[in-house]
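# Structure assessment
If you want the building blocks of each chain, they are given just below.
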Amino acid sequence: MSYDYVILTGAGISAESGIKTFRDADGLWEGHRIEDVATPEAFEANPDLVYDFYNKRRSQLLSDEIKPNAAHMALAELEKGCSDKILIVTQNVDNLHERAGSKNIIHMHGELQSAWCKSCDSREVWTESLDLLTECPRCQKRGVMRPDIVWFGEMPYRMDEIDQAIKKCKTFVSIGTSGNVYPAAGFVRDARISGAHTVELNLDESQQSGAFVDARLGKASELVPSWVTEVLSGI
Ligand code: APR
C-alpha cells in the first residue's frame, strides 16, 4: 500500500487535549522517571506501580475533559478529503485520532485501551483497570495480562509496514514530537533519502528540526489546521 502522506504524531498533538507530554521541564513523566514506569524491567520489579500508572492514564481517557483538539480534527478532515492516501503513524497511546474520525492509524507504541496476555499472546480492547489478579478472557490465566504498551527496549509495532510507507510516500509530516526516541526520530531521514517532501509542525525546535525542509513552530491546534487547509486547497 502506498500513501501520499505519512504523518507521524507525538505527545505534542495531544497536549492541548489535556494529556501531558513525556519530557517536561523537570524530566519526569507525571511525577515518575521514565525508567521506573516504561520498561519491562520496571514492570518485573514493581508491577503494582506500573499497573497503577497505566490504569490512571487509561481512566483519564474516559474523562469528559479529554477530547480531540483542532489538530486531530484537521487530520481526520484531511483523510476524508484524500480518501486512502493518508497514513497516521502515532507514538501516542491515547485514542484521540480515532475519536476525531481518522481511520488509517498505526499505534507504533501500543494503546492504553488494549491489554496483552503474555501467556496466550491475545490482545483485548480494555477500558478498565489491570492488575496481577486480572484474568485473561481467552486463556483464563491470572497474572499474565499487561498494558499493551511498547516499553523502552521493546520493538515498536508494525515497523515493516511503516518503513514501506515512508519509503513510498510523497510527503512526510511530523507533528508534536521531540525527536528523541528512535526509530521514529529517524523517519525524517529515511523519507528524505526516498525523495519525500518533509514538514515539521512543533511547538519548539525538536532534535530533528534541521532535517526537515519545512519546519514550522507553533501550537498544533493552529499549525495543523492551517497546513491541512493548504493541502486541501492545493497550495
Ligand atoms: N503543539 C505542538 N507541539 C507541542 C505542543 C503543542 N501544543 N506541546 C508540546 N509540543 C511539543 C514539544 O515541544 C515537544 O517537542 O511536543 C513534543 C513532545 O515531546 P515528548 O514529550 O518527548 O513526546 P514524544 O516525542 O511523543 O515522545 C516519544 O517517548 O517516552 C516515549 O514512548 C514514549 O511515545 C513516546 C516517545
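Coordinates for the structure precede this section.
The following refers to the structure shown. Worth saying up front: this structure is predicted, and the values here are computed from it rather than measured.

Here we have 3 strands laid out as an open sheet, ordered β5-β4-β6, and antiparallel in their pairing. The two strands at the open ends of the sheet, each matched to only one other strand, are β5 (123–125) and β6 (145–149). The average undirected angle you get between the axes of adjacent strands in this sheet is 40 degrees. Where strand β4 (residues 110–117) meets β6, 4 bridges bridge the pair, whose relative direction is antiparallel. Residue pairing across strands places C117 opposite M145, the latter belonging to β6. Sheet strands in contact with helix α4 (residues 47–60) are β4 and β6, and its direction is about 55 degrees off that of β6.

Near the ligand you find 22 residues, and of these F22, R23, T177, S178 and D204 are the closest. A distance of 2.8 Å separates an oxygen atom of the ligand from a polar atom in the backbone of F22. A distance of 3.3 Å separates an oxygen atom of the ligand from a polar backbone atom of G176. Broken down by element, the residue count for the shell around the ligand peaks at 3 residues, all from helix α1 (residues 11–15).

Attention now goes to the pairing of strand β1 (residues 5–9). The element β1 is extensively covered by neighbouring structure, given that 5 of its 5 residues are classed as buried. The two faces of β1 match: Y5, I7 and T9 on one face and V6 and L8 on the other face are all buried. The pairing of β1 with strand β2 (residues 86–90) spans 5 bridges and is parallel. Of the residues in β2, the one forming a bridge with I7 is I88.

Below, the discussion takes up the sheet that holds strand β3 (residues 105–107). One open sheet accounts for 6 strands, arranged β3-β2-β1-β7-β8-β9; its pairing is parallel. Both edges of this open sheet fall to β3 and β9 (214–217), since each of them pairs with a single strand only. In this sheet, neighbouring strand axes are inclined to one another by 15 degrees on average, regardless of whether the strands run parallel or antiparallel. One ladder, built from 3 bridges, connects β2 with β3; its direction is parallel. Across the sheet, residue T90 finds its bridge partner in β3, namely H107. Taken strand by strand, helix α5 (residues 70–82) contacts β1, β2 and β7 (171–175), and its axis lies near 150 degrees from that of β2. The strands touched by helix α9 (residues 220–232) within the sheet are β1, β7, β8 (197–202) and β9, with β8 carrying the most contacts at an inclination of about 150 degrees.

The topology assignment puts R58 in helix α4. Salt bridges are absent for the buried R58, whose nearest opposite-charge side chain, E128, sits at 9.0 Å. In terms of polar contacts, R58 uses its side chain to reach the backbone carbonyl oxygen of E128, at 2.9 Å. Excluding residues that lie within four positions of it along the chain, R58 makes contacts with L112, Q113, W126, T127, E128, S129, L130 and P147.

Rules and cut-offs
- Residues numbered from 1 in each chain as written.
- Predicted model: local features only at pLDDT ≥ 70, side-chain atom pairs only at ≥ 80, totals over all residues.
- Heavy atoms only, no water.
- Pairing = 2+ DSSP bridges.
- Helix = DSSP H or I, 4+ residues; strand = E, 2+ residues; numbered from the N terminus.
- Axes fitted to C-alpha atoms, helices over the stretch in contact; angles between N-to-C directions.
- Contact = heavy atoms within 4.5 Å.
- Near = heavy atom within 4 Å.
- Polar contact = N/O pair within 3.5 Å; in protein donor to acceptor, adjacent residues only side chain to side chain.
- Buried < 20%, exposed > 50% of the residue type's maximum accessible area, 1.4 Å probe, protein only.
- Lys, Arg positive; Asp, Glu negative; His and termini not counted.
- Salt bridge = Lys/Arg side-chain N within 4 Å of Asp/Glu carboxyl O.

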